[in-house]
Amino acid sequence: MKRIRSGDGFEVQVPESWQRLGEGEDAFTLADPSGGTGALQISTALNATDERPGLQDLRDVIEALAASNGLGEPSDTSWFELEGLRGALSTFHHGEDFIRVWSVTDGKSFALATYVCRWGSESAELELVDGIVRSLTFGPVAQA
């Protein structure tokens, strides 16, 4: 496993075969170009309040994303709490796509992660991708 740092100051742990795609673009996208079935995209923002977001706040972010993109109702929802990281997730079946969305926070920063692959092929990477999202750590922007 290796760690990949974004220009926004967060890091995730990924298998050696996974790479950042479209380096220099706004979106932080990860995938296994040699044999993967989907792609994971992550974006971050700072928490604008002094309050630690609750699970409902994280779910609200996912619901807003789903509504603005016409994803419909989720087929599955869940949440997790790790040391220093709390998250909500929902799964959608949109057309021919499997879409899983995570909203996570460490209390100071937010991340929204989206994994998309063809419906029916999600079992090949879903556990791995969930581990990538849960490995997310926020930190200061790296100095060049």
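Residues numbered from 1 in each chain as written. Predicted model: local features only at pLDDT ≥ 70, side-chain atom pairs only at ≥ 80, totals over all residues. Heavy atoms only, no water.

Draft legend 1. Structural view of the environment of Arg-59. Within the secondary structure, Arg-59 is located in helix H1 (residues 55-68). Given the relative accessible area of 26%, Arg-59 is considered partly exposed. Each C-alpha atom of the pair Arg-59 and Ala-88 lies 5.9 Å from the other, and the pair is 29 residues apart in sequence. (Helix = DSSP H or I, 4+ residues; strand = E, 2+ residues; numbered from the N terminus. Buried < 20%, exposed > 50% of the residue type's maximum accessible area, 1.4 Å probe, protein only.)

Draft legend 2. Looking closely at the sheet that holds strand E7 (residues 85-94). Spatially, seven strands are ordered E3-E4-E5-E9-E8-E7-E6 in an open sheet, and the strand pairing comes out antiparallel. At either end of the open sheet lies a strand with only one pairing partner, and these are strand E3 (19-21) and strand E6 (76-82). On average, each strand axis in the sheet is inclined to that of its neighbour by 25°, with strand direction left out of account. In this fold H1 packs onto E6, E7, strand E8 (97-105) and strand E9 (109-118), with an angle of close to 30° to the strand it touches most, E7. Contacts from helix H2 (residues 126-134) reach strand E4 (28-31), strand E5 (38-46), E6, E7, E8 and E9, with the element oriented near 20° to E8. (Pairing = 2+ DSSP bridges. Axes fitted to C-alpha atoms, helices over the stretch in contact; angles between N-to-C directions. Contact = heavy atoms within 4.5 Å.)

Draft legend 3. Representation of the sheet that holds strand E1 (residues 2-5). The strand order across the open sheet formed by three strands is E1-E2-E10, and the pairing between neighbours is antiparallel. The open sheet terminates on both sides in strands that have one partner only, identified here as E1 and strand E10 (137-138). In this sheet, strand E2 (residues 10-14) lies alongside E1 in antiparallel orientation, the contact comprising four bridges. Bridging across to E2, Arg-5 finds its partner in Glu-11.

Draft legend 4. The arrangement of H2 in detail. Buried within H2 are the following residues: Leu-126, Val-129, Asp-130, Ile-132 and Val-133. Along the axis of H2, the buried positions cluster into a sector of 155°, meaning they face one direction only. (Arc of directions from axis to C-beta.)

Draft legend 5. Here's a closer look at the nonpolar core. Grouped together as the largest cluster of nonpolar side chains are 25 residues, with contacts concentrated most on Val-12, Leu-30, Leu-40, Ile-42, Trp-102 and Tyr-115. Sorting the residues of this core by element identifies E2, E4, E5, E7, E8, E9 and H2 as the ones contributing at least two each. With residues near it in sequence (within four places) discarded, Leu-40 still touches Trp-18, Phe-28, Thr-29, Leu-30, Trp-102, Ala-113, Thr-114, Tyr-115, Val-129, Ile-132 and Val-133. (Core = buried A, V, L, I, M, F, W, Y, C linked by side-chain atoms within 4.5 Å.)

Draft legend 6. Fine view of the pattern of salt bridges. Counted under the stated rule, the structure contains six salt bridges. Where Arg-3 meets Glu-11, a salt bridge forms, and the shortest distance between an N and an O atom there is 3.0 Å. Overall, Glu-11 belongs to the buried group, its relative accessible area being 18%. Across the salt bridge formed by Arg-100 and Asp-76, the nearest N and O atoms sit 3.7 Å from each other. Of this pair, Arg-100 sits in strand E8 while Asp-76 sits in strand E6, and the two are 24 residues apart along the sequence. Among the residues examined, Arg-100 registers a relative accessible area of 11% and is labelled buried. Within the structure, one salt-bridge network assembled from shared partners comprises Arg-3, Arg-5 and Glu-11. (Salt bridge = Lys/Arg side-chain N within 4 Å of Asp/Glu carboxyl O.)

Draft legend 7. View of the side chain of Asp-32. The residue Asp-32 is located in the loop between E4 and E5 in this model. Here Asp-32 occupies a buried position and makes no salt bridge, while the nearest side chain of opposite charge, Lys-2, is found at 9.2 Å. Polar contacts involving the side chain of Asp-32 include one to the side chain of Ser-17, which spans 3.2 Å. A polar atom in the side chain of Asp-32 sits 2.7 Å from the side chain of Ser-34. If sequence neighbours within four positions are ignored, Asp-32 has contacts with Ser-17, Trp-18 and Glu-125. (Lys, Arg positive; Asp, Glu negative; His and termini not counted. Polar contact = N/O pair within 3.5 Å; in protein donor to acceptor, adjacent residues only side chain to side chain.)

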